[in-house]
Amino acid sequence: VGMIMREWMFMNMTDIWGDIPYSEALTGTSEGGTITPEYDPQADVYAGILANLTAASGMINSSEPLFPDVFRGTVDNPDLIYQGETGRWQAFANSLRLRAAMRLAEVNPGTAGAEATAAINAGVFTSNADDAMLPYPGVPPNENPMAPAFRSRPGDYRISEALVNELSALNDPRLPIYADPNRDGEYVGMPNGLVEEHGIAFEAVSRVGEWFLEPDQPAWIMSYAEVLLLQAEAAQRGFAGGSAADLYEAGIRASMETFGISSGEIDAYLAQPEVAYDPAQGLAQIGVQMWIALYDQGPEAYAYWRRTGYPRLAPGRDNLNNGLI
């Protein structure tokens, strides 16, 4: 479990900063270790992440709990994510391995395909019950950090215009969950990248949806919806078996079911021509749905977008980066 969480943290770090200390990191108290580790190329970091997640998954005996029964189902259980259920940790390790493998899709498709197939065969998430997430009791200081931040500074946070427009165009039932209506009862996003003197009244723009601001709302680390959409992409690219269309639809369904959206609403959404899977546009469609599903997982959504280029986002109006994101 320690290896799995360590590699997840290293993956976040290299996605943010690129080359990082890795092979010599965390060796400061070891014989022959160092407190000034060398930086490793990102390619080597990802090779290490894939190898260590594979090793960690193989170390787990999924038929044995992590802790004695005295901890299971109690508030004293030291495993806040999976309550000591080793099989779920193993599925998480394999699912993270799939995420890492697909990061290489454009730069090393051979390795990406082999690693993605191996991760899927080893056993990834199979339902929303497998989601890796950190629960919060909902009482200060143990509450979802979005709740106090967004509530105590209500003028600081608004939902993006890009996302509101995309959800609106697709008649997406997640819109009233992701956003609250503005003062006029409409869903209106804030344009990205504006100077401070933008002249837009905050109450004219939608706030982040109340669903995400409950103090006891868990923080997602990885979801079943993401895993299905990664498998859909792997199938579309010819990296792994399965039907890209079926996996794409299942990924959308898993995302919507997280928010309690009915099967009838989901079926109607999937039947729309703009949403129905088209292999000729498959990677773009998967990319848009991944972006939507990762709404509250900003660093991962950003890493996925940088890798795939989907959806096609526009730079902020007042950007100072030569028109680049």
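Rules behind the numbers
Residues numbered from 1 in each chain as written. Predicted model: local features only at pLDDT ≥ 70, side-chain atom pairs only at ≥ 80, totals over all residues. Heavy atoms only, no water. Helix = DSSP H or I, 4+ residues; strand = E, 2+ residues; numbered from the N terminus. Rg over C-alpha atoms; globule rule 2.2 N^0.38 Å. Buried < 20%, exposed > 50% of the residue type's maximum accessible area, 1.4 Å probe, protein only. Contact = heavy atoms within 4.5 Å. Areas by Shrake-Rupley, 256 points an atom, 1.4 Å probe, with all protein chains shown as cover. Lys, Arg positive; Asp, Glu negative; His and termini not counted. Charge placed at Lys NZ, Arg CZ, Asp CG, Glu CD. Polar contact = N/O pair within 3.5 Å; in protein donor to acceptor, adjacent residues only side chain to side chain. Phe/Tyr/Trp six-rings, centres within 6.5 Å; stacked < 30°, edge-to-face > 60°. Axes fitted to C-alpha atoms, helices over the stretch in contact; angles between N-to-C directions. Parallel < 35°, antiparallel > 145°, perpendicular 65-115°, else oblique. Left-handed = near helix turned anticlockwise from the far one by under 90°. Nonpolar A, V, L, I, M, F, W, Y, C, P; charged D, E, K, R; others polar. Salt bridge = Lys/Arg side-chain N within 4 Å of Asp/Glu carboxyl O. Expected span 1.5 Å × (residues − 1). Patch = residues over 30% accessible without salt bridge, like charges linked within 9 Å, V, L, I, M, F, W, Y side chains within 5 Å.

### Things to note about the overall build of the protein
- Tallying secondary structure elements over the protein gives twelve helices and four strands in all.
- For the protein, whose C-alpha radius of gyration is 21 Å, the value lies close to the compact-globule estimate of 20 Å for 325 residues.
- Along the first, second and third principal axes, the C-alpha atoms of the protein reach 60 × 50 × 45 Å.
- The buried share of the protein, taken over its 325 residues, is 44%.
- Counting contacts in the protein only where the partners sit at least 6 residues apart, residues at least 24 apart contribute 66% of the total.
- Here the protein displays about 15800 Å² of accessible surface, and carbon together with sulfur accounts for 54% of that area.
- Distance between charge centres in the protein, computed from 18 positive and 43 negative side chains, equals 3 Å.

### Considering the side chain of Glu226
- Along the chain, the position of Glu226 falls in helix α8 (residues 224-236).
- On the basis of relative accessibility, which here comes to 1%, the residue Glu226 falls in the buried class.
- A distance of 2.8 Å separates a polar atom in the side chain of Glu226 from a polar atom in the side chain of Arg99.

### Some words on the packing of aromatic side chains
- In this structure the tally under the stated criterion is 16 aromatic pairs.
- Between Phe10 and Tyr22, the ring centres sit 4.8 Å apart and the planes meet at 75°, which makes this aromatic pair edge-to-face. Placement of the pair is Phe10 in helix α1 (residues 2-17) and Tyr22 in the loop between β1 (20-21) and β2 (39-40), with a sequence separation of twelve residues.
- Considering the side-chain rings of Tyr178 and Phe212, the 5.5 Å spacing of their centres and the 75° angle between planes classify their relative orientation as edge-to-face. A residue pair is termed long-range when its members are at least 10 positions apart, and Tyr178 in helix α7 (residues 175-178) and Phe212 in the loop between α7 and β4 (219-222) qualify at 34 residues. Considered together, Tyr178 and Phe212 belong to a single accessibility category, that of buried residues.
- The structure contains a cluster of three or more aromatic residues connected by ring pairs, namely Tyr178, Trp211, Phe212, Trp220, Phe259 and Tyr295.

### As for the packing of helix α9 (residues 244-258) against helix α11 (residues 282-293)
- It is at 10 Å that the axes of α9 and α11 come closest, and there the two elements cross at 15°. Judged by the inter-axis angle, α9 sits roughly parallel to α11. Judged by the sense of rotation from one axis to the other, the crossing of α9 with α11 is left-handed. On α11, the residues that touch Tyr248, Ile252 and Ser255 of α9 are Gln285, Ile286, Gln289 and Ala293.
- When grouped by side-chain class, the residues that make up the contact of α9 with α11 number four nonpolar, three polar and no charged.

### What to know about unusual backbone geometry
- Residue Pro141 follows Pro140 across a cis peptide bond; omega there is 5°.
- Note on placement: Pro141 falls in the loop between β3 (132-134) and α5 (146-152).
- Cis geometry marks the peptide bond from Tyr310 to Pro311, where omega comes out at -5°.

### Re the pattern of salt bridges
- Counted by the stated rule, this structure contains 17 salt bridges.
- A salt bridge links Glu7 to Arg6, with the nearest nitrogen and oxygen atoms 2.8 Å apart.
- Judged by its relative accessible area of 0%, Glu7 is buried.
- Measuring nitrogen to oxygen at the nearest pair gives 3.4 Å for the salt bridge that ties Asp318 to Arg317.
- Since its relative accessible area comes to 23%, Asp318 is described here as partly exposed.
- Via salt bridges that share partners, Asp15, Arg99, Arg103, Glu226 and Glu300 belong to a single interconnected network.

### Here we look at helix α2 (residues 42-59)
- Across its 18 residues, α2 extends 26 Å between first and last C-alpha, which sits within 8% of the 26 Å expected from 1.5 Å per residue.
- Of the positions making up α2, those classed as buried are Val45, Tyr46, Gly48, Ile49, Leu50, Leu53, Ala56 and Ser57.
- Packing partners of the buried residues in α2 comprise α1, β1, β2, α3 (86-103) and α4 (109-123).

### Some details on a nonpolar patch on the surface
- There is a patch of nonpolar side chains on the surface, built from Tyr302, Leu313 and Ile325 and spanning about 260 Å² of accessible area.
- Here Tyr302 shows up in helix α12 (residues 298-308).
- Judged by its relative accessible area of 41%, Tyr302 is partly exposed.

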